[in-house]
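Topology and contacts: notes
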Amino acid sequence: MKISCKWLNEYVKTDLKPEEIARILTDCGLEVESIEEYESVKGSLKGVVIGKVLETSKHPNADKLTCCKVDTGGEKILDIVCGAPNVAAGQKVPVATVGTIIYKGDESFMIKAAKLRGEPSEGMICAEDEIGLGDSHAGIMVLDESAIPGTPAAEYFGVYHDTVLEIAITPNRSDAASHFGVARDLAAAINNREKNHPVASFVKPSVDKFSVDNHNLPIGVIIENPEACFRYSGVTLDGLTVKESPQWLKDRLKAIGLRPINNIVDVTNYVLMETGQPLHAFDAEKVTGNRILVKKQPAGTKFVTLDETERALSADDLMICNTAEAMCIGGVFGGLKSGVTSGTTSIFLESAYFDPGHIRKTSTLHGLKTDASFRFERGADPNMTIYALKRAAMLIREVAGGSVSSDIVDVYPNPLHNKMLEVSVAGIERLIGKSIGKETIKNILESLEIEVISESADQLTLSVPPFKVDVEREADIVEEVLRIYGYNNVEYNESVHASLSYSPKPDPEQILNNIAGLLSANGFSEIMTNSLTSSAYYEKSEIFTADKCVKIINPLSRELEVMRQTLLFGGLESVAYNLNRRQTDLKFYEFGNVYCYNGSEPVDAEVTRRFPESKHLSIIITGKRLSESWYNNSQKADYHLLKAFVYLFLRKTGVAYWQWKTETADTRLFTEGESLWVNGRQVLMMGKLQSSVLRAFDIKQDVYFAEIDWQMLLSMIKPGAKQQQDIPRFPEVRRDLALLLDKKIKFDEIEALAYKSAGSLLKSINLFDVYEGEKIGADKKSYAVSFTLLDETKTLTDKEIEKLMDKLADVFTRELGAVIRK
């Protein structure tokens, strides 16, 4: 939000420089992100003065140039060569002196002393487009006779200059979303922190002179939905002239980034930025029946907003209506028909307080984020409506003429009262970490308009105004006190304290970091996708069904309306994004939470049972195995590459994954692949994704995907499962077997059976060749398998080795029907 230092100085008299103000505001929780200089004319006409042309003569060497003698208020009369056809003696003109920088569009140049066609020229007599005061270049600007030579042009033309602070307003600080709010904090901080600064009072412009001129245009107000509109105030003005705003008003708005529209609308915007109270002006002639109805419309009702867009209303949208039709989406956006136009002569001025929840829902539903909705949905000040109304009415009367033609209508069926809090001085000082005294606490609170109702030795009874929407308990009071007192004013103890901490074994974070490091070292890139996703993915899926989605009550959009059940769809979005940018060889991994709705649980069950949440790990590979190069083949990635990486990180965790039950992956998702199960629960699924899945993301190349239930995996990792060991003192022994098997037998079965049968002597098993052909039968295949054996206490003898290999051969023959090929 942009805050004008000139505005601030009207409410808090201070001689502090903008940089000092920025420091104070940042220290009290209003972070100043940048300080910008605003100039109504670029360069602020520095170096340009008012001059008088004393005499002119034809240039001896150029027919279209004129030699001028110009008095600019100094001791020396300047010689200036001018090319304008309308220059004449006796004229008062703007003169850019030597050294002045002239800005013309995006270009600039410096005025230098020079000779033009042999004649000296010590400046430039300016046209209006050359100094940013207009677009005409037909001739030089000729000023009024009353202009005094030597007067700075910035002073003569009233160039507006301001310093603007860009402040980051956090969502809980709606009270600071205005110049009043910032001025309140600034005055409080100066008075309670800046000891060498005079007392600074926060003073609002007076509205005591507000008066009703006549009762020619009474308009009544009825609130039909008080739960959505707590307070609605209004007043009428007639005899108005809608026109361009005066320069001071346009300059104020431009300085903070607002575009002037007309004097009526500009005043409402001015008061909004000043007080934080949104206003809306209706053309009174469009208020049919002379009555305002604040109510909701039936769902599907069509309404055309100011941007000429027809919108379908929901049944929860609060509308400002006349007796015939809706005129405005309350607190969000005006309607096309009822707004102020150049022909408007009377208005109804609205100042209201709407329920933040209703405004937030409506604003999000229609994608309308306005200055008004920004404040209403965070919580405006219900006590500001009348003040803002009077302030705006007085300003409109000043800039548009006319008169106040009705009493102020104020409908407030259920007044919002101040919150009453009991706080302990000792408790406040305990949380601050320093004794600052009761009087200091009281002074700070009163400077923030939090009233001390009563007090005892250690207790304060406080009355917190409604505009302090985030102050609800003692801890919030501590925050208010501390940010004004100054965090930097709380000393800290330089002594060193240590405490023992216990980390669970194995450490989940360390394991996650180790696996992430392993995958990154193997060429994978970590991605982070949104936990919110589109329900359309689940409506089309047979595995991840829509009825198990955790739905967002107030979604930002159709694309972000449910919590993800799987990391698959977010990963495929990332793949599609990269493919569209010609990045075709991809290896991704992601750690992320997935969510599910368990409809079988009763409504009163624990949230974690109704909406279980768990962390998963996904791995995605697509494109080539390796980047294209002269020294390697451009071989495409395949399922076995994915499986190798999955088993690589499983071995890193130390889990006995070969003991898990293996099944064929769900063919609705994968064309080939497998899933691993433990105690009836799926730990892992991996494989080549179906083209029908990829088609939804417009992906035309093969994608290999694996998803692991990370939390379940962690529960199976035992402390000390992976330990550092010395290099074995005794040699390893390798033996190979050729197994003739049915095609349906998988290597996983051989691996699990071997580990189960061989005991601790078997260190690893590897499949190094597969053969299929007519010679061994159409339904057969031959596996060449190597076995690495090691006894860590002694050297294995040939007899021990042969005994173990015979045992393995017997197990494979008996359990798998294998034929051992010699």
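Residues numbered from 1 in each chain as written. Predicted model: local features only at pLDDT ≥ 70, side-chain atom pairs only at ≥ 80, totals over all residues. Heavy atoms only, no water.

Examining the overall build of the protein chain
Scanning the protein chain for helices and strands turns up 21 helices and 41 strands. Its C-alpha atoms give the protein chain a radius of gyration of 39 Å, clearly above 28 Å, the size a compact globule of 822 residues would have. Projected onto its principal axes, the C-alpha positions of the protein chain cover 120 × 80 × 65 Å. Classification of the 822 residues of the protein chain by burial places 50% in the buried group. Of the contacts made within the protein chain by residues no fewer than 6 positions apart, 70% connect residues no fewer than 24 positions apart. (Helix = DSSP H or I, 4+ residues; strand = E, 2+ residues; numbered from the N terminus. Rg over C-alpha atoms; globule rule 2.2 N^0.38 Å. Buried < 20%, exposed > 50% of the residue type's maximum accessible area, 1.4 Å probe, protein only. Contact = heavy atoms within 4.5 Å.)

Points about a negative patch on the surface
A contiguous patch of negative charge on the surface is contributed by Asp15, Glu19, Glu20 and Glu37. Locating glutamate 37 in the fold gives a position in strand E2 (residues 31–39). (Patch = residues over 30% accessible without salt bridge, like charges linked within 9 Å, V, L, I, M, F, W, Y side chains within 5 Å. Areas by Shrake-Rupley, 256 points an atom, 1.4 Å probe, with all protein chains shown as cover. Salt bridge = Lys/Arg side-chain N within 4 Å of Asp/Glu carboxyl O. Lys, Arg positive; Asp, Glu negative; His and termini not counted. Charge placed at Lys NZ, Arg CZ, Asp CG, Glu CD.)

A look at the side chain of lysine 781
Note that lysine 781 resides in strand E40 (residues 780–789). Buried charge without a salt bridge: lysine 781, with glutamate 772 as the nearest opposite-charge side chain at an N-O distance of 5.8 Å. Only 2.8 Å separates the side chain of lysine 781 from the side chain of tyrosine 783, close enough to count as a polar contact. When residues no more than four places from it in sequence are discounted, the contact partners of lysine 781 are Leu739, Leu740, Leu741, Asp742, Lys743, Ile745, Tyr771, Glu772 and Ile776. (Polar contact = N/O pair within 3.5 Å; in protein donor to acceptor, adjacent residues only side chain to side chain.)

Quick word on the nonpolar core
Residues Leu25, Ile167, Ile264, Ile396 and Ile477 are the most contacted members of the largest nonpolar core, which totals 83 residues. In terms of residues, this core owes the most to one element, helix H9 (residues 385–400), which gives 9 residues. With residues up to four places along the chain from it excluded, the contact list for isoleucine 264 reads Leu240, Val242, Ala281, Val340, Ile347, Ile396 and Ala400. Judged by nonpolar contacts, the second largest core, of 36 residues, contains Phe591, Tyr647, Leu676 and Ile717. (Core = buried A, V, L, I, M, F, W, Y, C linked by side-chain atoms within 4.5 Å.)

Details of the packing of aromatic side chains
What the rule picks out here adds up to 22 aromatic pairs. Relative to phenylalanine 376, the ring of phenylalanine 354 has its centre 5.1 Å away and its plane inclined at 75 degrees; by these criteria the two rings are edge-to-face. Here phenylalanine 354, found in strand E22 (residues 347–354), pairs with phenylalanine 376, found in helix H8 (residues 371–376); they are 22 residues apart in sequence, far enough to count as distant. When sorted by exposure, phenylalanine 354 lands in the same class as phenylalanine 376, which is buried. Considering the side-chain rings of phenylalanine 544 and phenylalanine 569, the 6.2 Å spacing of their centres and the 85 degrees angle between planes classify their relative orientation as edge-to-face. A residue pair is termed long-range when its members are at least 10 positions apart, and phenylalanine 544 in the loop between helix H14 (536–539) and strand E30 (550–551) and phenylalanine 569 in helix H15 (residues 568–579) qualify at 25 residues. Phenylalanine 569 gets classed as buried once you look at its relative accessible area, which sits at 7%. In this structure an aromatic cluster arises from ring pairing among Tyr537, Tyr538, Phe544, Phe569 and Phe697. Between lysine 204 and the ring centre of tyrosine 387, over which it is positioned, the NZ or CZ distance is 5.9 Å. Its end group placed over the ring of phenylalanine 524, lysine 587 keeps NZ or CZ at 5.3 Å from the ring centre. (Phe/Tyr/Trp six-rings, centres within 6.5 Å; stacked < 30°, edge-to-face > 60°. Lys NZ or Arg CZ within 6 Å of the ring centre and 35° of its normal.)

Some remarks on helix H7 (residues 356–366)
Since one α-helical turn is 3.6 residues long, residues separated by three or four positions face the same way. Among all positions in H7, only Pro356, His358, Ile359, Thr362, Ser363, Thr364 and His366 are buried. Glycine 367 sits one or two positions beyond H7 and adopts a positive phi of about 65 degrees.

Things to note about unusual backbone geometry
Here arginine 117, not a glycine, exhibits a phi torsion of approximately 55 degrees, which is positive. Here arginine 117 lies in the loop between strand E9 (114–116) and strand E10 (119–121). Among the residues examined, arginine 117 registers a relative accessible area of 55% and is labelled exposed. One non-glycine residue with positive phi stands out, namely asparagine 679, at about 55 degrees. On the basis of relative accessible area, asparagine 679 is assigned to the exposed category, the value being 79%.

Digging into the sheet that holds strand E6 (residues 92–97)
Strand order across the open sheet formed by 5 strands is E5-E4-E3-E6-E11, with antiparallel pairing between neighbours. Only two strands of the sheet have a single neighbouring strand rather than two, namely strand E5 (78–82) and strand E11 (123–125). Put simply, the sheet's adjacent strands are angled 45 degrees from each other on average, direction ignored. Pairing analysis gives 3 bridges linking E6 to E11, with the strands arranged antiparallel. (Pairing = 2+ DSSP bridges. Axes fitted to C-alpha atoms, helices over the stretch in contact; angles between N-to-C directions.)

A closer look at the environment of glycine 367
With respect to the helices and strands, glycine 367 occurs in the loop between H7 and H8. For glycine 367, a relative accessible area of 58% translates into the label exposed.

As for the sheet that holds E30
In a beta sheet, neighbouring strands are held together by backbone hydrogen bonds and run either parallel or antiparallel to one another. With antiparallel pairing, 3 strands are arranged side by side in an open sheet as E29-E31-E30. Both edges of this open sheet fall to strand E29 (532–533) and E30, since each of them pairs with a single strand only. In the sheet, E30 pairs with strand E31 (residues 562–563) via 2 bridges, with the strands oriented antiparallel. What sits directly across from lysine 551, in E31, is valine 562.

Regarding the pairing of strand E32 (residues 586–595)
Buried residues dominate E32, accounting for 9 of its 10 residues. Looking at chain direction, strand E28 (residues 525–526) and E32 are connected through 2 bridges and run parallel. Among the inter-strand pairings, glutamate 526 is bridged to a residue of E32, identified as tyrosine 589. Note that E32 and strand E33 (residues 613–622) share 10 bridges and pair antiparallel. Of the residues in E33, the one forming a bridge with glycine 592 is histidine 616.

Structural notes on the side chain of glutamate 130
Looking at the secondary structure, you find glutamate 130 in the loop between E11 and helix H3 (153–157). For glutamate 130, a relative accessible area of 14% gives the class buried. Within the structure, glutamate 130 has its side chain in polar contact with the backbone nitrogen of alanine 127 (distance 2.7 Å). Once residues lying within four places of it in the same chain are set aside, the contact partners of glutamate 130 are Ile102, Tyr103, Lys104, Met124, Ile125 and His137.

A closer look at the packing of helix H5 (residues 247–255) against helix H6 (residues 263–275)
Running from N to C, H5 and H6 cross one another at 50 degrees; their axes reach a closest spacing of 10 Å. Between H5 and H6, the crossing angle belongs to the class labelled oblique. In the crossing of H5 with H6, the sense of the turn from one axis to the other is left-handed. Taken together, the residues of H6 that come into contact with H5 (itself represented by Trp248, Leu249, Arg252 and Leu253) are Asn263, Asp266, Val267, Asn269 and Tyr270. (Parallel < 35°, antiparallel > 145°, perpendicular 65-115°, else oblique. Left-handed = near helix turned anticlockwise from the far one by under 90°.)

Overview of the state of the cysteines
Under the criterion given, the structure shown has 0 disulfides. Its sulfur unpaired, cysteine 328 is 9.4 Å from the next cysteine sulfur, which belongs to cysteine 321. (Disulfide = S-S within 2.5 Å.)

Regarding a nonpolar patch on the surface
Taken together, the side chains of Val304, Leu306 and Leu336 define a hydrophobic patch exposed on the protein surface, amounting to about 220 Å² of accessible area. One can find valine 304 in strand E17 (residues 302–304).

Fair warning: the whole summary comes from geometry, so function is off the table for now.
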